[in-house]
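What the coordinates show
So you can see what is in the structure, the chains are spelled out below.
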Amino acid sequence: MVRHFLKDDDINSAEQAEIIRRAIALKKAPYSERPFAGPKTVALIFDKTSTRTRVSFSVGVSDLGGAPLIIDSQTSQMGGKESVADTARVLTRQVAQIVWRTYSQAGLEEMAAHSSVPVVNSLSDDYHPCQILADLMTVQEHKHRLAGLNFAYVGDAANNMANSYLIGCALAGMHVRVAAPAGYEPDLAIVQRASAIAATTGGSVEVFGEPAAAIRGADVVATDTWISMGQEAEKAKRIQDFAGFTIDSDLMSTAAADAIFLHCLPAYRGYEVTADVIDGPQSVIWDEAENRLHAQKALMVWLDEQSKISQHS
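Residues numbered from 1 in each chain as written. Predicted model: local features only at pLDDT ≥ 70, side-chain atom pairs only at ≥ 80, totals over all residues. Heavy atoms only, no water.

1. Brief notes about helix α6 (residues 160–171)
Working note: α-helix, 3.6 residues per turn, so residues spaced by three or four point in the same direction. Short version of the rule: Secondary structure counts use DSSP, requiring at least four H or I residues in a row for a helix and at least two E residues in a row for a strand, with both numbered from the N terminus. Expected helix span is given by 1.5 Å per residue-to-residue step, counting one fewer step than there are residues. Three exposure classes are used, based on accessible area relative to the maximum for each residue type with a 1.4 Å probe and protein chains only: buried under 20%, partly exposed in between, and exposed over 50%.
Helix length check: α6, at 12 residues, gives a terminal C-alpha distance of 16 Å against a target of 16 Å (1.5 Å per residue), a fit within 8%. Most of α6 sits inside the fold, with 12 of its 12 residues counted as buried. For α6, the full list of buried residues reads N160, M161, A162, N163, S164, Y165, L166, I167, G168, C169, A170 and L171. G173, located one to two residues past α6, shows a positive phi value of around 80°.

If you want it as structure tokens, here you go:
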């Protein structure tokens, strides 16, 4: 059976730990793994604009010996004249893996259902699992562990980042604390799933209606933009709704003294976070951005190995 990575819990906690371990190793020896030597081609499909995802996956595929094939959905047949299923049937005969940055999680699931090669969710409206692998790698580098750490996410908890933080950090055995204003709480089904995972890993999940309780004593503090792609018309309302949820130096001072700050970027200084925090000594955002490359390379290597195992079983 082909392994795909469409959401954070498509891997278990041991597999997550192995991918992070390999990401750290690949950071030290960038060309030590060459599963795409040939070169084999990896399809990188973009429905949404991208900087970090496009760069990190393109460089990553090249580092692994392969050829990145960037497909812009606006100039291809996919989703218009040709169905996702038929696109999968075409690509799967010619590429080693398919990486897709898109809107609908259902589209990713349809692609995976008709693909004989691994499909990777590089962002959807529901999840951003590759970002969480990079974030966990960054925490591991700075804190030398994941299990047992207190992780606070403050802001829009009804978005893909919150969903992936809840599930991915629970898999890592962390104590996940989410704070969001009324109307922006995390999906109950996601919270229940994360709680069930945390019960098996020694972690925990809590949801708060204000940021102070989530950040107090936290080892890691994270946020995300209040206005995601497609929400620009709601900007004025969202800024008003998120009043009091800006992570500033006063809030950060209530976290652990050696707490680190994460943001997946792009960031809007003065809204979800103040400049003195994101540009300050506790911020590790540039390590985090670089680690997208290493974590995604490790994921692609691992998925390639899983494919070879399934072919011989």
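2. Let's talk about the side chain of D304
So the rule is basically this: Pairing of N or O atoms within 3.5 Å defines a polar contact, subject to two protein rules: one partner must be a possible hydrogen donor and the other a possible acceptor, and residues neighboring in sequence count only if both atoms are side-chain atoms.
On the secondary structure map, D304 appears in helix α12 (residues 285–311). A polar contact of 3.0 Å, which involves the side chain of D304, links it to the side chain of K308.

3. Here's the deal with unusual backbone geometry
With omega at 0°, the peptide bond leading from G38 into P39 counts as cis. Position of P39 among the secondary structure elements: in the loop between α1 (13–28) and β1 (41–46). Even without being glycine, H144 reaches a positive phi, approximately 65°. Following the sequence through the fold, H144 ends up in the loop between α5 (129–143) and β5 (150–154). If you check the backbone angles, L265 has positive phi at about 70° while not being a glycine.

4. Observations concerning the sheet that holds strand β3 (residues 97–101)
For clarity, the cut-off: Strand pairing is assigned whenever DSSP detects at least two bridges linking the two strands. Here an angle of 0 to 180 degrees is reported between the N-to-C directions of two axes, which are lines fitted to C-alpha atoms, with helices fitted over the stretch in contact.
The strand order β2-β1-β3-β4 describes an open sheet built from 4 strands, whose pairing is parallel. Lying at the two open borders of the sheet, with one neighbouring strand each, are β2 (67–72) and β4 (119–123). Averaged over neighbouring strand pairs, the angle between their axes works out to 20° when direction is ignored.

5. Focus on the nonpolar core
Burial of nonpolar side chains together is a common tendency in soluble globular proteins. For clarity, the cut-off: Think of a nonpolar core as a cluster: buried Ala, Val, Leu, Ile, Met, Phe, Trp, Tyr and Cys residues, connected wherever their side-chain atoms sit within 4.5 Å. Residue contacts are defined here by distance: any two heavy atoms, one from each residue, within 4.5 Å place the two residues in contact.
If you look at the biggest cluster of nonpolar residues, it comprises 86 residues, and the most contacted ones within it are F151, Y153, Y165, M174, I247 and F261. Discounting residues that sit within four places of it in the chain, F261 has contacts with V221, T223, I247, M252, V273, V277, I278, Q282, S283, V284 and I285.

6. Describing the pattern of salt bridges
Our working rule: Here, a salt bridge means any Lys or Arg side-chain nitrogen found within 4 Å of an Asp or Glu carboxyl oxygen.
Here the structure, examined in full by the defined rule, presents 17 salt bridges. E141 is the salt-bridge partner of K27, the closest N and O atoms lying 3.0 Å from each other. Of the two residues, K27 sits in helix α1 while E141 sits in helix α5, which places them 114 residues apart along the sequence. Of the charged contacts, one joins D125 and K48 as a salt bridge, the two residues approaching to 2.8 Å between their closest N and O atoms.

7. Quick word on the environment of A29
Relative to the helices and strands, A29 is located in the loop between α1 and β1. Each C-alpha atom, one on A29 and one on K143, is 21 Å from the other, the two residues being 114 residues apart in sequence.

8. Digging into the pairing of β4
This is how the line gets drawn: Whether a crossover is right-handed comes down to one check: with the strands pointing away from the viewer, does the path from the first strand over the helix to the second run clockwise; if it does, it is right-handed.
Among the 5 residues that make up β4, 5 are buried, leaving the element largely enclosed by the rest of the structure. Note that β3 and β4 share 4 bridges and pair parallel. Bridge pairing in β4 links V99 to V120. In this region the chain leaves β3, passes through helix α4 (residues 105–113) and returns to the parallel neighbour β4; the handedness of that crossover is right-handed.

9. Quick look at the packing of α6 against helix α7 (residues 188–201)
The criterion, for reference: Small angles under 35 degrees read as roughly parallel and large ones over 145 as roughly antiparallel, with 65 to 115 read as roughly perpendicular and the rest as oblique. Handedness of each helix crossing follows the sense of rotation of the near helix against the far helix: counterclockwise by less than a right angle gives left-handed, clockwise gives right-handed. When residues are sorted by character, Ala, Val, Leu, Ile, Met, Phe, Trp, Tyr, Cys and Pro go into the nonpolar class, Asp, Glu, Lys and Arg into the charged class, and all the rest, Gly among them, into the polar class.
At a minimum axis distance of 8 Å, the contact between α6 and α7 shows a crossing angle of 10°. Between α6 and α7, the angle is such that the two are roughly parallel. Where α6 crosses over α7, the handedness of that crossing is left-handed. On α7, the residues touching N163, L166, I167, A170 and L171 of α6 are I190, V191, R193, A194, I197, A198 and T201. Among the residues forming the contact of α6 with α7, the class breakdown is 9 nonpolar, 2 polar and 1 charged.

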